[in-house]
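In case you want the letters, here they are:
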Amino acid sequence: MSAALSSTPWPIAPKKPSSKQFHGLTRADDYEWLREKENPEVIAYIEAENAYTKEQTDHLADLRTQIFEEIKARTLETDLSVPTRSRGYWYYGRSFEGKQYGASCRVKATDPDDWTPPNPDEVTGEEVLLDLDALAEGHDFFSLGGSSVSPSTTLLAYATDVAGDERYTVRVKDLTTGELLDDELTNVHGGATWDRDSSALFYTTADESWRADKIWCHRLGTSQDEDELVFHETDDRFWVGVGRTKSDRFMFIGTAAKITAEYRFLDLDDPDAGWQVFAAREEGVEYSVEHATIAGEDVFLVTHNASGPDFEIATAPIAPTPRTEWQPLVPHTQGVRLEDVDAFAGHLVVHQRSDGLTQLRILELGENGVADDYLVKFDDELYTIGSGSNPTFESPVVRLGYTTMRTPASVYDYDVRSRELTLLKQAPVLGDYDRDDYEEHRLWATAEDGVRVPISIVAKKGLHESGPIPVLLYAYGSYEASMDPYFSIARLSLLDRGIGFAIAHIRGGGEMGRGWYDDGKMLKKQNTFSDYIACARHLAESGWSTPQTIIAEGGSAGGLLMGAVANQAPDAVGAVVAAVPFVDALTTMLDASLPLTVTEYDEWGNPEADKETYDYMSSYDPYTNVTAQHYPPILAETSINDTRVLYVEPAKWVAKLRATAENPGDVLLKTEMAAGHGGVSGRYKAWEDRAFSLAWMIDQVTSS
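Residues numbered from 1 in each chain as written. Predicted model: local features only at pLDDT ≥ 70, side-chain atom pairs only at ≥ 80, totals over all residues. Heavy atoms only, no water.

## A short note on the overall build of the protein chain
In step 1: The number of helices and strands found in the protein chain is 12 helices and 39 strands.
In step 2: Computed over the C-alpha atoms, the radius of gyration of the protein chain is 26 Å, within 12% of the 27 Å expected from 2.2 N^0.38 for a compact globule of 704 residues.
In step 3: Along the longest, intermediate and shortest principal axes, the C-alpha atoms of the protein chain span 75 × 60 × 55 Å.
In step 4: Sorting the 704 residues of the protein chain into buried and exposed places 57% on the buried side.
In step 5: Partitioning the intrachain contacts of the protein chain with sequence separation of at least 6 by distance along the chain shows that 57% fall at a separation of at least 24.
In step 6: The distance from the centre of the 62 positive side-chain charges to the centre of the 115 negative ones in the protein chain is 2 Å. (Helix = DSSP H or I, 4+ residues; strand = E, 2+ residues; numbered from the N terminus. Rg over C-alpha atoms; globule rule 2.2 N^0.38 Å. Buried < 20%, exposed > 50% of the residue type's maximum accessible area, 1.4 Å probe, protein only. Contact = heavy atoms within 4.5 Å. Lys, Arg positive; Asp, Glu negative; His and termini not counted. Charge placed at Lys NZ, Arg CZ, Asp CG, Glu CD.)

## A word on the pairing of strand β9 (residues 155–161)
In step 1: Here β9 lies mainly inside the structure; seven of its seven residues are buried.
In step 2: Side chains Leu155, Ala157, Ala159 and Asp161 project from β9 onto one buried face, and the interleaved Leu156, Tyr158 and Thr160 project onto a second face that is buried too.
In step 3: Where strand β8 (residues 143–149) meets β9, six bridges bridge the pair, whose relative direction is antiparallel. Its bridge partner being in β9, serine 147 is matched across the sheet by tyrosine 158.
In step 4: Hairpin remark: β8 followed by β9, antiparallel, with five residues in the connecting loop; positive phi at threonine 153, about 70°. (Pairing = 2+ DSSP bridges.)

## Section: the nonpolar core
In step 1: If you look at the biggest cluster of nonpolar residues, it comprises 128 residues, and the most contacted ones within it are Leu34, Leu400, Leu473 and Tyr532.
In step 2: A per-element tally of this core places helix α12 (residues 683–702) first, with 10 residues.
In step 3: Those residues in contact with leucine 400, other than ones at most four positions away along the chain, are Leu360, Val376, Phe378, Ile385, Gly386, Ser387, Gly388, Ser410, Val411, Tyr412, Tyr414 and Leu421.
In step 4: Ala292, Leu301, Phe311 and Ile313 belong to the second-largest nonpolar core, a separate cluster that totals 16 residues. (Core = buried A, V, L, I, M, F, W, Y, C linked by side-chain atoms within 4.5 Å.)

## As for the sheet that holds strand β24 (residues 336–343)
In step 1: Taken together, four strands build an open sheet; the order of strands is β24-β25-β26-β27 and the sheet is antiparallel. Here the strands that pair on one side only, and so sit at the sheet edges, are β24 and β27 (369–376). When the angles between neighbouring strand axes are averaged without regard to direction, this sheet yields 25°.
In step 2: The pairing of strand β26 (residues 357–366) with β27 spans seven bridges and is antiparallel. Residue pairing across strands places isoleucine 362 opposite tyrosine 374, the latter belonging to β27. (Axes fitted to C-alpha atoms, helices over the stretch in contact; angles between N-to-C directions.)

## Here's the deal with empty space enclosed by the protein
In step 1: Within the structure shown, the criterion is met by one cavity of 30 Å³ or more.
In step 2: Estimates place the volume of the largest cavity at around 100 Å³.
In step 3: Looking at the lining of the largest cavity, the elements that each hand over two or more residues are β4 (84–86) and β29 (397–403). (1 Å grid on protein atoms, 1.4 Å probe; cavity = no way out; pocket = protein on both sides within 12 Å on 5 of 7 lines; lining within 4 Å. Points joined across faces, edges and corners; volume = space filled by probe spheres on them.)

## Observations concerning the sheet that holds strand β21 (residues 297–304)
In step 1: The strand order across the open sheet built from four strands is β20-β21-β22-β23, with neighbouring strands paired in antiparallel fashion. Two strands bound the open sheet, and with one partner strand each, they are β20 (287–294) and β23 (327–330). Recorded for the sheet is a direction-independent mean angle of 35° between the axes of neighbouring strands.
In step 2: For β21 and strand β22 (residues 312–316), the ladder comprises five bridges, and the chain directions are antiparallel.

## Here we look at the packing of helix α6 (residues 526–541) against helix α7 (residues 557–568)
In step 1: Where α6 contacts α7, the axes come no closer than 10 Å and their chain directions differ by 65°. With respect to each other, α6 and α7 are oriented roughly perpendicular. For the element pair α6 and α7, the recorded crossing hand is right-handed. Across from Gln526, Thr528, Phe529, Tyr532 and Ile533 in α6, the residues of α7 making contact are Leu560, Leu561, Met562, Ala564, Val565 and Gln568.
In step 2: Class assignment for the residues of the contact of α6 with α7 results in eight nonpolar, three polar and no charged. (Parallel < 35°, antiparallel > 145°, perpendicular 65-115°, else oblique. Left-handed = near helix turned anticlockwise from the far one by under 90°. Nonpolar A, V, L, I, M, F, W, Y, C, P; charged D, E, K, R; others polar.)

## Topic: the confidence of the model for the protein chain
In step 1: Considering every residue of the protein chain, the mean pLDDT works out to 94; 97% of them sit at 70 or more.
In step 2: Within the model, the stretch residues 1–5 combines pLDDT values under 50 with nine contacts to residues more than four positions away or in other chains. (pLDDT = per-residue confidence, 0-100.)

## Quick notes on the pattern of salt bridges
In step 1: Under the defined criterion, the tally for this structure stands at 56 salt bridges.
In step 2: A salt bridge links arginine 417 to aspartate 415, with the shortest nitrogen-to-oxygen separation between them at 2.8 Å.
In step 3: What you see here is one network of salt bridges that share partners, running through Arg27, Asp29, Glu32, Arg35, Asp584 and Lys652. (Salt bridge = Lys/Arg side-chain N within 4 Å of Asp/Glu carboxyl O.)

## Describing the packing of aromatic side chains
In step 1: On inspection of all chains with the given rule, the structure shows 30 aromatic pairs.
In step 2: Measuring from centroid to centroid gives 5.3 Å for phenylalanine 378 and tyrosine 412, while their planes differ by 65°, and the two rings are edge-to-face. Taken together, the residues phenylalanine 378 in the loop between β27 and β28 (384–387) and tyrosine 412 in strand β30 (residues 410–415) connect sequence positions 34 residues apart. In terms of burial, phenylalanine 378 and tyrosine 412 fall into one category: buried.
In step 3: Ring centres 5.5 Å apart and planes at 65° place the aromatic pair tyrosine 433 and phenylalanine 487 in the edge-to-face group. Taken together, the residues span a long stretch of sequence, with tyrosine 433 in the loop between β31 (420–426) and β32 (438–446) and phenylalanine 487 in the loop between β34 (471–474) and α4 (492–495) at a distance of 54 residues. Each member of the pair, tyrosine 433 as well as phenylalanine 487, is classed as buried.
In step 4: One aromatic cluster in this structure is built from Phe250, Phe252, Tyr263, Phe265, Phe278, Tyr287, Phe300 and Trp326.
In step 5: The ring of tyrosine 89 carries arginine 106 above its face, with NZ or CZ at 3.8 Å from the centroid. (Phe/Tyr/Trp six-rings, centres within 6.5 Å; stacked < 30°, edge-to-face > 60°. Lys NZ or Arg CZ within 6 Å of the ring centre and 35° of its normal.)

## So, the side chain of serine 488
In step 1: By the element assignment, serine 488 lies in the loop between β34 and α4.
In step 2: Here serine 488 falls in the buried class, since its relative accessible area comes to 19%.
In step 3: A polar contact of 3.3 Å, which involves the side chain of serine 488, links it to the backbone nitrogen of alanine 490.
In step 4: Within polar-contact distance, the side chain of serine 488 engages the backbone nitrogen of arginine 491 at 3.1 Å. (Polar contact = N/O pair within 3.5 Å; in protein donor to acceptor, adjacent residues only side chain to side chain.)

## Some details on helix α1 (residues 40–57)
In step 1: Over its 18 residues, α1 runs 26 Å from end to end, which matches the ideal 26 Å to within 8%, given 1.5 Å per residue.
In step 2: When we look at burial in α1, the residues that qualify are Val42, Tyr45, Ile46, Ala48, Glu49, Tyr52, Thr53 and Thr57. Buried residues of α1, viewed axially, fall in a sector of 160°; they line one side. Opposite the buried face of α1, at more than 90 degrees from it, the exposed residues are Pro40 and Lys54.
In step 3: Tucked inside the fold, the buried residues of α1 contact α2 (61–74), α11 (648–660), β39 (667–672) and α12.
In step 4: The N-terminus of α1 is capped by asparagine 39, whose side-chain oxygen sits 2.8 Å from the backbone nitrogen of glutamate 41. (Expected span 1.5 Å × (residues − 1). Arc of directions from axis to C-beta.)

Okay, structure coming up:
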């Protein structure tokens, strides 16, 4: 029986038993056949699920429209980004009412000593570098992978993806004539980096498993098949990238696995010396390299974990240097996670985090080295601060971004000379929005093992004091990715309906330092799920919400979290939204030929080679552990062209839930047929997509 002809109100995927042997055990799988993307029966099943989802959500059409219009009404559709200065120009983006993508533009900087961004609407001579809506015309999906103006400022390299599979095509535009050059680079992994003399581009390609493994050099005016292979990473755990330093003196090739890194450098002042390995890779040693000038001496800044898990910033000479010769500049301090450093002519900017919050640290440079060391401070209880676009090495100001859960994204310039902080722009929220109508707090849940887990929460002011409120509890919890507090216009459609929004900063993320990540990966992955369940239960026990009115949401690896929580604690939440969810993780990690599997071994382990890892992943894998119980209503969202988490994972998961759960009709699968890992493209389409999800959430916690 085909899915479309099922006798039930919902689609039923046929069981087609298959099995494989691992470590002397038989792993059976009834739905692996759904991996056959070109099989008409697979497409029919996906389309049947889409039809069922549409039928089950048709009653929300008016609410979806209302939410979309709310997002649209609060958004300044014709807007400008804050201009960023580079090589004699101010660069910025424009958005236009009624258009999906906008344009990138520039105007000339008239005063070399004035670092105050101009209002582009008040100056003349604007150049439109890229009209993104024109580039997207005729395509159901469009993504700009990156764009880069040449050091000569006369050429623009840009990368586009019109399928959603993250395989980009790079073209070069002559900014003097407006014409495209004949050069065309296909199947590029991201964008491209100019060499210093603007005559060549460095770019990355990926292997069959979609691992970035090769760096190429393309000389303008030649064909792609003539490009020089600069570097090939043959270790399947490692991926590569290429870039040019802010100072313009060096090109770097970085190659990294999850827990190990290695850098090569090319001195553009001495290109005949060729590419050199800065420090050979050592298992478990992560580092990155930046060029700086300190006390009149050129040095490499090395951010590394060889001295401790929360990293140190060291200096090294401009030469291959083993780590035993790196000299501490900012020593390792337990509990202060050093994440990155940007070098400028007169100062360094350190990105760090402590006590679960981001921090921006300034090291002013003097004749004898570091003359002062301090933080740029704000007063909110919860916030996220980070360095913005700062492409100019000689800049005396630091562009930074700041936001809280009730404060729209704000752009500041910090003048290191005067120590003045200037607000350049706060993202406008149209209508009568007032941040003081909302409250935000840091809560703490206690995990099973006694560890305190932070929660960030925002809601309408005073609302929860009269009783529990529905709460959307979002989390991720993998790859040391930190889900820091942030503002969202779309979220206001929840808050203004009396629904709170919270982020569970669970282990596996990086919010509390490297140890927080290490305690939520590999054979400690269960901590991620237990932490989330503890956060959900804390919201209920503390009176903020109830189990029935907590909506769980996570995407990608956060989708694995959602699947695990649904299996392990279905009573802890009232509904689950899983976006592009990694729910068939064990199957994926058992197949080294699948995209990205080998590079993921340091995150999850290698269950094919190690029985302990196999058994451990089997204990939490969402697809494996679907059981005959009552599940909270589930909305699974995916994209047919996703190259990171293949559509087949949520498709198999939903198929097994349909056949196993006590309430199979409460499970929905929504598959975008023209999208990628990040979902649909275009802001209006993205708003519609989010309105769909929010309407479903609201319905789950407000309907009787």
